[in-house]
Amino acid sequence: MRELLTIGTFARAARLSPKALRLYDELGLLRPAAVDGESGYRYYDPGQLEQARLIAWLRQIGMPLARIRQVCDLPAPDAAEEVAAYWRQVTAETEARGRLAAFLVDHLSGRGSAMEDITAVLGIRYAARSEPGRVRTSNEDIAYAGERLLAVADGMRGPGGGRAGAAAVDALKRVRSLSVPTADLLAALADAVGEAERAIKDIAASTPSEQVVTTLTALVWSGPRLALVHIGDTRAYLLRDGGLFQITHDHSYVQSLIDEGRLTPEEAVSHPRRSLLVRALTGTGNHPPDLSMHDAVPGDRWLLCSDGLPSVVPAAVLRETLAGPGDPQQTADELIDLAYAAGAPDNVACVVADVVADEEESAGAGDGGAAR
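Residues numbered from 1 in each chain as written. Predicted model: local features only at pLDDT ≥ 70, side-chain atom pairs only at ≥ 80, totals over all residues. Heavy atoms only, no water.

1. A few points about the pairing of strand β12 (residues 301-305)
With 5 of 5 residues buried, β12 is to be regarded as a mostly interior element. Side chains Arg301, Leu303 and Cys305 project from β12 onto one buried face, and the interleaved Trp302 and Leu304 project onto a second face that is buried too. The pairing of strand β9 (residues 235-240) with β12 spans 5 bridges and is classified as antiparallel. If you follow Leu238 over to β12, its bridge partner there is Trp302. Pairing geometry for β12 and strand β13 (residues 348-357), over 5 bridges, is antiparallel. By the bridge assignment for β13, Leu304 is matched with Val351. (Buried < 20%, exposed > 50% of the residue type's maximum accessible area, 1.4 Å probe, protein only. Helix = DSSP H or I, 4+ residues; strand = E, 2+ residues; numbered from the N terminus. Pairing = 2+ DSSP bridges.)

What follows is the structure, encoded as structure tokens:
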């Protein structure tokens, strides 16, 4: 039997810290070969060095701990493909940030942006729908689709929740009529969220608990670009070239556990605190939203939805449905039907929008409505 290594010796050999090894033990990524019953001191087998180094390398490329656990459980060929898939995702996200950085450099240097010189005129077709869950007696989910604005909000159950969601969307409606350069759109969105917070504060003051909460995810259309504002666990998805990407990041307690590698996405679905938010609009202004710009590409399909949809409809089914032949209204109806078929324990709201070239938009303006 090979002699076991102390945690300090093993950490140096693996180029990890003892603190990291203790965390990996807690998460089940790398259990020690033995633990002293009295002192609790950890000992490792030299044969575990390969897995320890793999974990260290995966951390160096920025892979989250939850995904590392999945890679470590796979056979080597499948693990290699999973790493390649992760890196393709990172590369795509880096390229998107690079385009935005170039845009900002051009704007701040006064040279203008090549994005503003795009001659192709784009349009959107859209549809929105919100329905109460099977066991709900009220519906605080808001779905809105109109000229230049797509939005979903999910108000907390109880007095004022639905009003708070509606107030958040109404504050954004004023942004759609502003004539501001694309580069100033995010600032305008931030100002609108501030207006929403003030309105929500007034709503809260009129309720018995003096507390109301709503999430908000919205896109504002500006020529070849889309400005996104997001806070809470409502979501924005993008279907592009057959792949479905979750653009937003949930501001929820269970998502924080997933990010730390302490919970898997599958475990989060049934977690008793899955509805607990760590960021939302509450009327206090304490929680800033996420703001970002995105290119509008003909053929893209966007989905905005409340958590009542992805909590019961798997991502693979969402992708298959969004990639189907239906127009936005047909697709929104199908998504609601899928939620109901899965029990619809929560209210469900969704907005489906297609980015189209000008000639397509003109030819099919009646398919669920169109805006430019």
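The rest of the description comes next.
2. Some thoughts on the sheet that holds strand β7 (residues 216-222)
Read from one edge to the other, the open sheet built from 5 strands follows the order β5-β6-β7-β8-β11, with strand pairing classed as antiparallel. The strands lining the two open edges of the sheet, one partner per strand, are β5 (141-146) and β11 (290-295). When the angles between neighbouring strand axes are averaged without regard to direction, this sheet yields 10 degrees. In this structure, strand β8 (residues 225-231) lies alongside β11, joined through 6 bridges in antiparallel fashion. Looking at the pairing, Arg225 lines up with Asp295 of β11. Sheet strands touched by helix α7 (residues 185-205): β7, β8 and β11. Its angle to β8, the strand with the most contacts, is close to 30 degrees. (Axes fitted to C-alpha atoms, helices over the stretch in contact; angles between N-to-C directions. Contact = heavy atoms within 4.5 Å.)

3. Structural notes on the packing of helix α10 (residues 315-322) against helix α11 (residues 328-341)
Interhelical geometry of α10 versus α11 gives an angle of 155 degrees and a closest axis separation of 10 Å. Here α10 is positioned roughly antiparallel relative to α11, judged by the angle of their axes. For the pair α10 and α11, the sense of crossing is right-handed. Contacts between α10 and α11 involve Val317, Leu318, Thr321 and Leu322 from the first element and Thr331, Glu334, Leu335 and Leu338 from the second. Of the residues belonging to the contact of α10 with α11, the class tally is 5 nonpolar, 2 polar and 1 charged. (Parallel < 35°, antiparallel > 145°, perpendicular 65-115°, else oblique. Left-handed = near helix turned anticlockwise from the far one by under 90°. Nonpolar A, V, L, I, M, F, W, Y, C, P; charged D, E, K, R; others polar.)

4. Thoughts on the packing of aromatic side chains
Scanning the entire structure with this criterion turns up 2 aromatic pairs. Pairing Phe10 with Tyr44 gives two aromatic rings, centres 4.5 Å apart and planes at 15 degrees, and the pair type is stacked. Taken together, the residues span a long stretch of sequence, with Phe10 in helix α1 (residues 7-14) and Tyr44 in strand β3 (residues 42-44) at a distance of 34 residues. We classify Phe10 as buried; its relative accessible area is 0%. (Phe/Tyr/Trp six-rings, centres within 6.5 Å; stacked < 30°, edge-to-face > 60°.)

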